[in-house]
Amino acid sequence: MARGRLRIYLGAAPGVGKTYAMLEEGQRLASAGADVIVGFVEPHGRRPTAALAEGLEIISRRAMEYREASFTEMDLDGVLARQPQVALVDELAHTNVPGSRHAKRWQDVEELLDAGIDVVTTLNVQHLESLGDVVRQITGVPQRETLPDEVARRADQIELVDLPPELLRRRMLHGEIYPSDRIEAALTHYFRVGNLTALRELALLWLADRVEEGLQRYRAEHGITTPWETRERIMVALTGGPEGDTLIRRSTRISARVPGSELLALHVVPSDGLTHGDPATLAAQRGLVESLGGSYHQTTGDDIPEALLQFAEAENVTQIVLGASRHGRLSTFLRGGVGHRTIRRSGPIDVLVITHEHAAGSTSPLRLPHPSRATGPRRFWTAMLLAAIMLPGLTALLVLLGEHVDLSLALVLYLLAVVVIALVGGLVPALVAALAAGLLADYYFTPPMHSLRVQHLADVIALVVYVVTAVIVGMAAGTAARSTYRAVRASSEARALSRLATAMIHGQDLPALLEQVREDFGLDAVSLLERDTGHAAEPRWYVVASTGEDPPERPYDADVDSPVGDDLTLAARGRPLSSDDQRVLGACAAQLGMAYSHGRLAAHDAETGLRAAAEHTRASLLLTASRDLRGPLRTADEALDGLGVGTDSKESRNLAIARSSVRRAVQLLSDLDELSRLHAGALDLYLRPVDLDELLTAVLDDLGPGGHAIQCSLPELLPDVIADAAVLTRVLTALAAEAQRHSPPDRLARLTGKTRAGQVEIYMADGTNDAVQGAERGTHASRTPDSLTLRMCRDLTETMGGTLETAPVGPGFAVTLTLPAAASRRPITPSAPSPTEDQ
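The structure presented is a predicted model; accordingly, all values stated were derived computationally and were not measured. (Residues numbered from 1 in each chain as written. Predicted model: local features only at pLDDT ≥ 70, side-chain atom pairs only at ≥ 80, totals over all residues. Heavy atoms only, no water.)

Participant: Outline the pairing of strand 14 (residues 523–532), supporting the account with residue identities and numerical values.
Facilitator: Alignment of strand 14 against strand 17 (residues 568–574), held across seven bridges, turns out to be antiparallel. Of the residues in strand 17, the one forming a bridge with Ala525 is Arg573. As defined by bridge partners, strand 14 adjoins strand 15 (residues 540–548) across eight bridges and the pair is classed as antiparallel. The residue of strand 15 that forms the bridge with Ser527 is Ser546. (Pairing = 2+ DSSP bridges. Helix = DSSP H or I, 4+ residues; strand = E, 2+ residues; numbered from the N terminus.)

This is the structure in structure tokens:
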């Protein structure tokens, strides 16, 4: 059986007309002869919407009971048994009542689609899972019913149902969306113009992305590679050079001029991995691109223009932004510039070449290559010295041979010398040697002798061919030497980092790791330093680990330092390091910082484990002690109850004190058990709206007869609180007993309550006037003794999402218990005690 087709009417907010559009489509399909039924429609009391469903067959809903309440859901089995062509199912993101076959309605719809039934449904953009946090940030309302984006992406057709925010607010004012008692709150909160505009933009952008996905699929299926300028996509090519920041900002300004455009940054990595940009520079440029709203990408390829254009065609790029070449004219002439080659092959893609301060010729008319860039300064000057010795020596030898040497032999030997010099020092020494050898050959071996003039044309041609050949061979040898040098350099760097990583995996300590770094770089001493953040005015550094003689104790005492973070740095003494060595040292420093952090975390975990074991042992001992003490205390209580009361008033008072103390000890053991259960996670909570009137009656019953009464003062209107009724009863009973225990014999303990900022505050205090006033003022500086009972009450209250704080009343007892208020308010029932009635 073929799978059914899914059509979604997408809206930005309630009331835009999704359900109405769905029913209109159902009526159109029915008039065209299709078998259409209504699986589930929720008109929300809107008469035009309900009227539009008339004439369509409606499958009766399934009645369900949950927590003593009745609900109705779509009868999935009834729709499957009816087997229509099209089913209209409203609210795709709806959560089904527990006990249904599926948890979500979209899962019901999936079963209908699998059965070959086409489904037309509705969805609000705020219910998409990927947009939940964005919608909460805009509206301040969390969405509890969400739909995986993949479900909506699989839809065969998505149609946007849209209304301008002003028109949607007018519909709200006319009562076409919500009932009259909800209009004012909706207009001032969720249905503000800014909220609706933002939600509308989210819906448009999300749908535009889905349309773009469909377009890309179509292009791929039909083999279309030429860009379609449906959306401006600007790609900036990054080399990892210093000009990247300029190119990114310029590309961002270009993209900002075209609404809806997209910015992409691309770095091409050669397949050999020998030549690439500076990783730190690329990382910084990637962060800049992403901070400006673009995306960063990398691809591999030896032909940079070809790699750029392949990526551009795959991503439907319309413009490519390149930086002007940093190479000189000779290099560009010999190798061809990336910009020129890209422009020749770009076809319909526009290529913009942006100049920058690092471009060739931008700072000076002549840019000479750095003499030691290719092979390092040591090999460069060695090659220059070799040329200064080899060329005069070879010339002297050839002059001594006299008539046995002609021009051709001299040029061959000079060419051999140029190749040797190029292999040692690279391109620049080879060019210098080639020109010098040409002049020597002209002076000593070309008639007229000992003159730079050339007599025969053949000698002129021979000299020119020699110089050109020497230059080409020198360039080739220099390129090979540069590649070899970089390959050896890359191998050495990889080997150093690999050795350090292997040592870390094998668990070597920090001094051993530092010693390995010192040996790899040939340094005298290395230290890992940590800054004491408690002395910001004058930073103090502490040596975490060190190796070598006289290791540096501060970063500014070192010859080389590599920061790991704000408070950690690697400092070293010894020979100066090249920029490449400093870069590798920075990578080693990052690994050492990770090793140090992992060591601290491991030590902290071990310490935490020891503390947890000690806490577990202490809790076990307390539980054992409480069980063992409960029997003797119960026996003592029964024995005290069996004693008669004598006529001696002092004896009666002592007996009453003894009974009170024993019962107090029993209560403390009960509190200890409650705390143990709470901290062990064995306390199950059922949070729901709780009526404080009914709860206070249960509290007074639990206190039992005798003792002091409690004066309750509650406002005329008091909302329910969100709490667990049994746990809250336990907390209030314990607090009331504490308040009674601290109250003087001639004073009543007081309980008052009020509502503040969506919360209910309950004040419990002993009978002193200061205590009541201090509690009612809502001052929360803790002075009441933190007893076991208070700790138990505080932990239980915080578990329910509330707070319990004590008030500054000196030696008296006063606490403030705060809990979330339920949404609706209720008047106090006539049977409840009056605000000044004593209980």
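Having seen it, we continue.
Participant: Can you break down the packing of aromatic side chains residue by residue, with the values?
Facilitator: Applying the stated criterion to the full structure yields one aromatic pair. Ring plane angle 75° and centroid distance 5.0 Å describe the contact between Tyr443 and Tyr444, whose orientation is recorded as edge-to-face. Classification of Tyr443 by relative accessible area gives partly exposed; the value is 31%. Judged by relative accessible area, Tyr444 falls into the partly exposed class, the value being 31%. Here the guanidinium or amino end of Arg61 rests over the ring plane of Phe40, the centre of that ring lying 4.0 Å away. (Phe/Tyr/Trp six-rings, centres within 6.5 Å; stacked < 30°, edge-to-face > 60°. Buried < 20%, exposed > 50% of the residue type's maximum accessible area, 1.4 Å probe, protein only. Lys NZ or Arg CZ within 6 Å of the ring centre and 35° of its normal.)

Participant: Describe the sheet that holds strand 17, naming the residues involved and giving the relevant values.
Facilitator: Strand order in the open sheet formed by four strands is 15-14-17-16, and the pairing between neighbours is antiparallel. Of all the strands in the sheet, the pair left with one neighbour each is strand 15 and strand 16 (560–563). Looking at each pair of strands side by side, their axes are set apart by 20° on average, direction ignored. Across the face of the sheet, helix 19 (residues 510–521) comes into contact with strand 14, strand 15 and strand 17 while running at roughly 65° to strand 15. (Axes fitted to C-alpha atoms, helices over the stretch in contact; angles between N-to-C directions. Contact = heavy atoms within 4.5 Å.)

Participant: I'd like a description of a positive patch on the surface, backed by residues and values.
Facilitator: Where like charges cluster on the molecular surface, the positive patch consists of Arg249, Arg250, Arg253 and Arg257. Locating Arg253 in the fold gives a position in helix 10 (residues 244–256). (Patch = residues over 30% accessible without salt bridge, like charges linked within 9 Å, V, L, I, M, F, W, Y side chains within 5 Å. Areas by Shrake-Rupley, 256 points an atom, 1.4 Å probe, with all protein chains shown as cover. Salt bridge = Lys/Arg side-chain N within 4 Å of Asp/Glu carboxyl O. Lys, Arg positive; Asp, Glu negative; His and termini not counted. Charge placed at Lys NZ, Arg CZ, Asp CG, Glu CD.)

Participant: Can you explain the pattern of salt bridges? Please cite residues and give values.
Facilitator: A full pass over the atoms with the stated rule returns 22 salt bridges. Residues Glu73 and Arg105 are paired through a salt bridge, measuring 3.1 Å at the closest nitrogen-oxygen approach. Here Glu73 is found in strand 5 (residues 69–73), whereas its partner Arg105 is found in helix 4 (residues 105–114), with 32 residues between them in sequence. A residue is classified by how much of its surface remains accessible, and Arg105, at 0% relative accessible area, is buried. Here Asp162 and Arg200 are joined by a salt bridge, their closest N and O atoms 2.9 Å apart.

Participant: Got a sec to walk through the environment of Gly599? Specific residues and values, please.
Facilitator: Relative to the helices and strands, Gly599 resides in helix 20 (residues 579–642). The spacing of Gly599 and Leu510 is 89 residues in sequence and 9.2 Å in space, taken between C-alpha atoms.

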